[in-house]
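Structural overview for review
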Amino acid sequence: MRSEKQQKLKKIKNPRSINLAMWGYFCLLAFILVLLVELVFYIVVAGTFEDKACERVDGICAEAVHEIEVNPNGLNKSIFRYRNEGVNVFLLDESGKIILPAQIDGLTGTVIDGDFINTMKTRIGADGMADVFHYGSDIMKAQKVGYMGEGAYVLVTYSLTIVHGTVKTLQIYLIIVGVIVLLGSLLVTYAFSQKLTRGLKSMSDTAVKLAEGDYTVKFTNADYTEMAQLSDTLNYVRDEVKKSEDFQREILANVSHDLKTPLTMIKAYASMIKEISGDNKEKREKHLQVIIDEADRLTGLVNDVLSVSKLQSNIEEINFKVFNLTELVYGIINRFGYLQESQGYNLMVDIDKDLYTRADEEKISQVIYNLLGNAANYTGKDKTVYISLKADLDGKRIKFSVRDTGKGISKEALPEIWDRYYRVKENHQRPVKGTGLGLNIVKVILQNHAFDFGVDSALGEGSTFWVDFPAVPAEIELTE
Ligand code: ADP
């Protein structure tokens, strides 16, 4: 049974899994971030390293040239200082032979490769200076100077191998960090999505139990605000479904009880006519009247149940037409005439002549019938009901109201009386049948018309039910 239901549910399931989607999006995000960091590193860090090296080479060249001009003997010493920074400074003569540094490594007197000297010379402009340039894996700067009365060149070289090596090492570290971040985000997303879907799964399982009719279930997932809201909503749905089911059960019990009473009466009186009163006209008439009344009561009950289900499923449409509301109300009051004649009821009327409205005549007739029926049922010991139908001063609205002198309705019960199947649980004698559906029918019909309606009541002060109709001029009826 359960798996059958779950299979049914599976068919409408969205095939995309939250787990996978979250995983995908998170990893994509992590990947893009790592990529961005690498890019920034290349553009900013690696580039800056090289720029700084060029600036330094340029600076050292200027310092060396200055030293030759002011203190040529000190240059040799400075050259060794520059070497500690990884920068090589040479003083060459015109033919490319090394003049300085002197007395080291046997370099002095060595002639530097002719090709290089030619490249260097072509780089040197008319001002005797070359911009920093690349040669192999080195950056260089050269400037023509005068040394001991002869032409010479200051050559500053710096090997970028170290810079490149540093960049590469940093790059490897970055890749390692990137991979760790990626793996970490994979793990975190996996754990998070598992947690999220576990919560959803448990809610879905609980909902299946609810669908199977277990109203004791409780939706409890409160890890995240949205899930907590969903839990609350589902708990609310559970309560409402349960309430509606209880109501259905109650109405079934009520209706069957209400059906049973008139049926028993009809059977009892029919037997009485057959066995006792058959020949006695007066008694027979009386007994037959009881049967007719009970049959009417049965018809009323069945009609109520049918109308409420029709109304609620909106099968019936509203057929608007202009009609004489005054006549309609009088017609219904006459239907209650038997209460006046046989049961001592007083129906006090205050009704304006020829008031017309535009609505569904049949349904409004049901509204007024139900309201009058209730007033008769619930009015006080004086058995008086006040019915009024009045146009307002500018003749645009018509107010129908029906007042009784009964117990009234408590503040707490007031909003509930319009609910389907609502009935105050107490036994009392009622001249008109009741199912707990009457006011719900009134509400649905008037809401469908978009008419204002309501009740003014307080315990011990009776109740006044009212409806506000739009007034239309009588001539419209003739043209419609
Ligand atoms: P019922 O068939 O029980 O009268 P209704 O839907 O017509 O069902 O009314 C619902 C409930 O509202 C009634 O059971 C009663 O408790 C309350 N009620 C309706 N009309 C009146 C009234 N005029 N005075 C006091 N209580 C009323």
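Our subject in this report is the structure included herewith.

Turning our eyes to something else, we now look at the overall build of the protein chain. Across its full length, the protein chain carries 12 helices and 12 strands. Counting across all 480 residues of the protein chain, residues that qualify as buried make up 38%. Taking the contacts inside the protein chain whose residues are at least 6 apart along the sequence as the reference set, 66% of them involve residues at least 24 apart.

Put simply, Leu100 and Pro101 share a cis peptide bond, and its omega is 0°. For Pro101, the location among the structural elements is in the loop between β2 (98-100) and α4 (114-123). In this model, Lys383 sits at a positive phi of 50°, which is unusual for a non-glycine residue. Residue position: Lys383 is located in the loop between α10 (361-378) and β9 (384-391). For Ala450, which is not a glycine, the phi torsion comes out positive at approximately 65°. Relative to the helices and strands, Ala450 resides in the loop between α11 (438-449) and β11 (452-457).

Across the sheet, 5 strands lie side by side as β7-β9-β10-β12-β11; this open sheet has mixed pairing. Taken across any chain shown, the strands that pair with only one partner, and hence form the sheet edges, are β7 (346-351) and β11. Taking each pair of neighbouring strands and ignoring which way they run, the sheet shows an average axis angle of 10°. The sheet contacts of helix α8 (residues 325-335) involve β7, β9, β10 (397-404) and β12 (463-470), and relative to β7 the element is tilted by about 175°. Each of β9, β10 and β12 touches α10; the most contacted strand, β10, lies at about 25° to it.

Right, let's get into the sheet that holds strand β3 (residues 133-135). The strands making up a sheet associate through backbone hydrogen bonding, with each pair oriented either parallel or antiparallel. One open sheet holds the 5 strands; their spatial order is β2-β1-β5-β4-β3, and the pairing between them is antiparallel. With partners counted over all chains shown, the strands left at the sheet margins are β2 and β3, one partner each. Each strand of the sheet is rotated relative to its neighbour by a mean of 45°, with strand direction disregarded. Across the face of the sheet, helix α2 (residues 18-70) comes into contact with β1 (87-93), β3, β4 (138-147) and β5 (150-159) while running at roughly 15° to β4.

Before going further, it helps to examine a nonpolar patch on the surface. Taken together, Leu28, Leu29, Phe31, Ile32, Leu33, Leu35, Leu36, Leu39, Val40, Tyr42, Ile43 and Val44 make up a surface patch of nonpolar side chains, about 1,100 Å² in accessible area. Relative to the helices and strands, Leu39 resides in helix α2. Residue class for Leu39 comes out partly exposed when judged on its relative accessible area of 46%.

Overall, the coordinates contain 13 salt bridges when judged by the stated rule. Of the charged contacts, one joins Lys242 and Asp246 as a salt bridge, the two residues approaching to 3.2 Å between their closest N and O atoms. Of the two residues, Lys242 and Asp246 are both situated in helix α6 (residues 225-275); the distance of 4 residues between them amounts to about one turn of the helix. Overall, the relative accessible area of 31% leaves Asp246 in the partly exposed class. The shortest N-O distance in the salt bridge between Glu361 and Lys321 comes to 3.0 Å. Residue Glu361 is found in helix α10, and its partner Lys321 is found in strand β6 (residues 321-324); the two are separated by 40 residues along the sequence. Classification of Lys321 by relative accessible area gives partly exposed; the value is 40%.

With that settled, the discussion passes to α2. Helix length check: α2, at 53 residues, gives a terminal C-alpha distance of 76 Å against a target of 78 Å (1.5 Å per residue), a fit within 8%. At Phe41, α2 is deflected by roughly 30°, the largest bend along its length.

Moving on, we come to α8. Residues Leu325, Thr326, Leu328, Val329, Ile332 and Ile333 constitute the buried set of α8. Axial view of α8: buried residues confined to an arc of 165°, hence all on one face. Counted as exposed and oriented over 90 degrees from the buried face of α8: Glu327 and Asn334. Taking the backbone nitrogen of Thr326 as reference, a side-chain oxygen 3.0 Å away marks Asn324 as the first, capping residue of α8.

The rules behind each value
Residues numbered from 1 in each chain as written. Predicted model: local features only at pLDDT ≥ 70, side-chain atom pairs only at ≥ 80, totals over all residues. Heavy atoms only, no water. Helix = DSSP H or I, 4+ residues; strand = E, 2+ residues; numbered from the N terminus. Buried < 20%, exposed > 50% of the residue type's maximum accessible area, 1.4 Å probe, protein only. Contact = heavy atoms within 4.5 Å. Pairing = 2+ DSSP bridges. Axes fitted to C-alpha atoms, helices over the stretch in contact; angles between N-to-C directions. Patch = residues over 30% accessible without salt bridge, like charges linked within 9 Å, V, L, I, M, F, W, Y side chains within 5 Å. Areas by Shrake-Rupley, 256 points an atom, 1.4 Å probe, with all protein chains shown as cover. Salt bridge = Lys/Arg side-chain N within 4 Å of Asp/Glu carboxyl O. Expected span 1.5 Å × (residues − 1). Bend = angle between axes of the 7 residues up to and from the residue. Arc of directions from axis to C-beta. Polar contact = N/O pair within 3.5 Å; in protein donor to acceptor, adjacent residues only side chain to side chain.

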